[in-house]
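In case you want the letters, here they are:
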Amino acid sequence: LCRRLRIKYSYMPKYYFLSDAHIGTRIVADSREHEQRLVSWLDTVRHDATEIFLVGDIFDFWFEYSRCVPKGYCRLLGKLAELTDSGIKIHFFIGNHDLWTFGYLEQEIGLQVYKTPQIFELMGLKFFITHGDGINDESCIFRISRRLFHSKVMQRCFAAIHPDIGIAIARRMSNNNRKKHSYIEYKGENDEPLVTFAKNYTDTHIDYFIFGHRHIVLNLQIPSGSHIVILGDFYEEFSYAVLDENGFSIENFNANQ
C-alpha cells in the first residue's frame, strides 16, 4: 500500500505548448525533414506529457474535403492519432492558416479543436490561450478577410474546386502572406497588439496569456503579475513552452539531442 501511494503522489503533471510549425510551407527547403522534426518532438514529449497544446498554424494550409485531406501530412497525422490513442489529450487551436477544420481532426485524429480563445486552469494557474490573429486588429482589411474565410458560402465554393487547383492556389497565397508578415520585429510593450490586449484584459485574473501567430519568442511579466507568452515558431526557432513542477519555461528543440 505504501509503495502504491508513493507512486501515486510522485506523479507531477507536465504540459507542452507549441505553435506556428507551418508544416507544408514552401519556404522550408526540405518539407519532409521539417515534418519529421515535429514528429520527433512529439515522440520526445510523449513520455511525460500530460496534455499538449498546439496553438495554431500547425499546418501551413488545411482544408477538409468530404473525401480527402491535403497531401503531405501523413506522418504528423499518424503520430497525433497515436498519441491521442495512448491517452494524451491534445488541444488544437485553429490559426489563420489552418482554420478550415470541419470534424476530421476530432473524429479521426482525436484532437480537441478550438475556434475561439479558451481559459484553462493548469496546476492552479489560469491560462488564456488563443492563436492571436486578429487580436487588437480593427483594420478594414482584416475584418473583410476574416468574414470571407469564415463564410460557409466561401467554404462551399472552395470545396467545389478540384483539390489540385484549390490547394495550389491556397498554398501560394499562404506563402506570400507569410513572406510579407512573418518577420515583423517585436514592437515594444506599448505597440505590440497582443501585449496591449493582455494589459487591458479585465474579465478575470489570468496568470499566463499564451499566443502564437507573431513568430517571436516572448515571456513578459506585466505589472498585474500576468505573464504574456508568444511561442515563436517551429521552423526557424523550433521553440516551445513547458509547464511543470519547476515552473514555466520556453525551450528550443534540438532533434539531435
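Everything numeric in this text was worked out from a predicted model, so none of it was measured.

**Student:** Please provide a residue-by-residue account of the sheet that holds strand 5 (residues 118-122), values included.
**Tutor:** Paired through their backbone hydrogen bonds, the strands of a sheet run either parallel or antiparallel. If you trace the five strands from one edge of the open sheet to the other, you get 5-6-7-9-8, paired in mixed fashion. Here the strands that pair on one side only, and so sit at the sheet edges, are strand 5 and strand 8 (217-221). Neighbour-to-neighbour, the strand axes of the sheet open up by a mean angle of 20 degrees, direction not taken into account. With four bridges joining them, strand 7 (residues 208-211) and strand 9 (residues 227-231) adopt parallel strand pairing. Note on strand 9: the bridge partner recorded for F211 is I230.

**Student:** Can you explain helix 8 (residues 193-200)? Please cite residues and give values.
**Tutor:** When we look at burial in helix 8, the residues that qualify are L194, V195, T196, F197 and A198. Packed against the buried residues of helix 8 are strand 6 (125-129), strand 7, strand 8 and strand 9.

**Student:** Give a description of the packing of helix 2 (residues 31-45) against helix 3 (residues 74-85) that names residues and reports values.
**Tutor:** Closest axis-to-axis distance for the helix 2/helix 3 pair is 9 Å, and the angle between their directions is 10 degrees. Relative to helix 3, helix 2 is oriented roughly parallel. Contacts between helix 2 and helix 3 involve R32, E35, Q36, L38, V39, L42 and D43 from the first element and C74, R75, L76, K79, L80 and L83 from the second.

Procedures and definitions
- Residues numbered from 1 in each chain as written.
- Predicted model: local features only at pLDDT ≥ 70, side-chain atom pairs only at ≥ 80, totals over all residues.
- Heavy atoms only, no water.
- Pairing = 2+ DSSP bridges.
- Helix = DSSP H or I, 4+ residues; strand = E, 2+ residues; numbered from the N terminus.
- Axes fitted to C-alpha atoms, helices over the stretch in contact; angles between N-to-C directions.
- Buried < 20%, exposed > 50% of the residue type's maximum accessible area, 1.4 Å probe, protein only.
- Contact = heavy atoms within 4.5 Å.
- Parallel < 35°, antiparallel > 145°, perpendicular 65-115°, else oblique.

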